[in-house]
Amino acid sequence: MSLNYYGSGFVHKGNSYVYALYAHKDSCFCLIEVELENTIQKELDALVNKCNEMEFEHLADFEQFVIDQLHNVNVPISTSLVCVLQRDSKIFIKTVGTGVLYLKRSEERRVGKE
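Computed from a predicted structure; not experimentally measured. (Residues numbered from 1 in each chain as written. Predicted model: local features only at pLDDT ≥ 70, side-chain atom pairs only at ≥ 80, totals over all residues. Heavy atoms only, no water.)

Trainee: Tell me what's going on with the overall build of the protein chain, and back it up with residues and numbers.
Mentor: The number of helices and strands found in the protein chain is 2 helices and 5 strands. In the protein chain, 40% of the contacts between residues at least 6 apart in sequence involve partners at least 24 apart. (Helix = DSSP H or I, 4+ residues; strand = E, 2+ residues; numbered from the N terminus. Contact = heavy atoms within 4.5 Å.)

Next comes the structure, spelled out in structure tokens:
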């Protein structure tokens, strides 16, 4: 099962550089940041693919799934992650470490627009 989009590279953060990887498949998007480039690409692919196969009823189930996947890989404590999964009208979001996600709604969909 291949990913629709994948990329990686070093990004500037503060006074140093970190290795960032992102992957997207169907309705799941993940971005992970680690201190050193290592074999995390394979684990990120597995996380995104498993997200697309799983059904989550509650946010707590999704959060526990992501945490369990990170524990299985044994990522460094300094790792940051943003994982987003869309299912029908629900959007599940999980951040770990310094992971931050900014959401912006389009003007056409703003509630109460006249």
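What follows picks up the thread again.
Trainee: How would you summarise helix 2 (residues 59–73) if you had to cite specific residues and measurements?
Mentor: Between its terminal C-alpha atoms helix 2 stretches 22 Å, which fits the 21 Å expected from 15 residues at 1.5 Å a residue. Restricting attention to buried positions, one finds in helix 2 the residues F62, F65, V66, Q69 and L70. Taken down its axis, helix 2 places every buried residue within 130° of arc, on the same side. Facing away from the buried side of helix 2 by more than 90 degrees, the exposed set consists of A60, H71 and N72. (Expected span 1.5 Å × (residues − 1). Buried < 20%, exposed > 50% of the residue type's maximum accessible area, 1.4 Å probe, protein only. Arc of directions from axis to C-beta.)

Trainee: Tell me about the packing of aromatic side chains, and name the residues and values.
Mentor: Inspection of every chain in the model, using the stated rule, returns 4 aromatic pairs. Aromatic side chains F56 and F62 sit 5.3 Å apart centroid to centroid with 80° between the ring planes, which places their arrangement in the edge-to-face category. By the ring-pair criterion, three or more aromatic residues cluster together here, those being F56, F62, F65 and F92. (Phe/Tyr/Trp six-rings, centres within 6.5 Å; stacked < 30°, edge-to-face > 60°.)

Trainee: I'd like to hear about the nonpolar core, residue by residue, with values.
Mentor: When a protein is soluble and globular, its nonpolar side chains tend to lie buried together. Within the largest apolar cluster, 22 residues are counted, with the highest numbers of intra-cluster contacts made by C51, F62, L81 and C83. Elements supplying a minimum of two residues to this core: strand 2 (16–25), strand 3 (28–34), helix 1 (40–53), helix 2, strand 4 (80–87) and strand 5 (90–96). Those residues in contact with L81 that sit more than four places away from it in its chain are L31, I32, L47, V66, L70, K94, T95, V96 and G99. (Core = buried A, V, L, I, M, F, W, Y, C linked by side-chain atoms within 4.5 Å.)

Trainee: Could you give an account of unusual backbone geometry, with specific residues and numbers?
Mentor: With a phi close to 55°, D88 is a non-glycine residue in the positive phi region. Topologically, D88 is positioned in the loop between strand 4 and strand 5. For D88, a relative accessible area of 76% corresponds to the exposed category.

Trainee: Tell me about the pattern of salt bridges, residues and numbers included.
Mentor: Summed over all chains, the structure comprises 1 salt bridge. Ionic pairing is found between E57 and K90, a salt bridge with its closest N-O pair at 3.5 Å. Of the two residues, E57 sits in the loop between helix 1 and helix 2 while K90 sits in strand 5, which places them 33 residues apart along the sequence. Classification of E57 by relative accessible area gives exposed; the value is 53%. (Salt bridge = Lys/Arg side-chain N within 4 Å of Asp/Glu carboxyl O.)

Trainee: How would you sum up the pairing of strand 5? Please name residues and give values.
Mentor: Note that strand 4 and strand 5 share 7 bridges and pair antiparallel. Looking at strand 5, one finds that C83 is bridged to K94. Where strand 4 folds back onto strand 5 in an antiparallel hairpin, the turn is made up of 2 residues, including D88, whose phi is positive at roughly 55°. (Pairing = 2+ DSSP bridges.)

Trainee: Give a detailed account of the state of the cysteines, specifying residues and quantitative values.
Mentor: One pass over the structure, following the stated rule, counts 0 disulfides. Cysteine C28 remains unbridged, with the sulfur of C51 as its closest cysteine sulfur at 3.7 Å. Residue C28 is classed as buried on the basis of its relative accessible area of 0%. (Disulfide = S-S within 2.5 Å.)

Geometry only, nothing functional implied.
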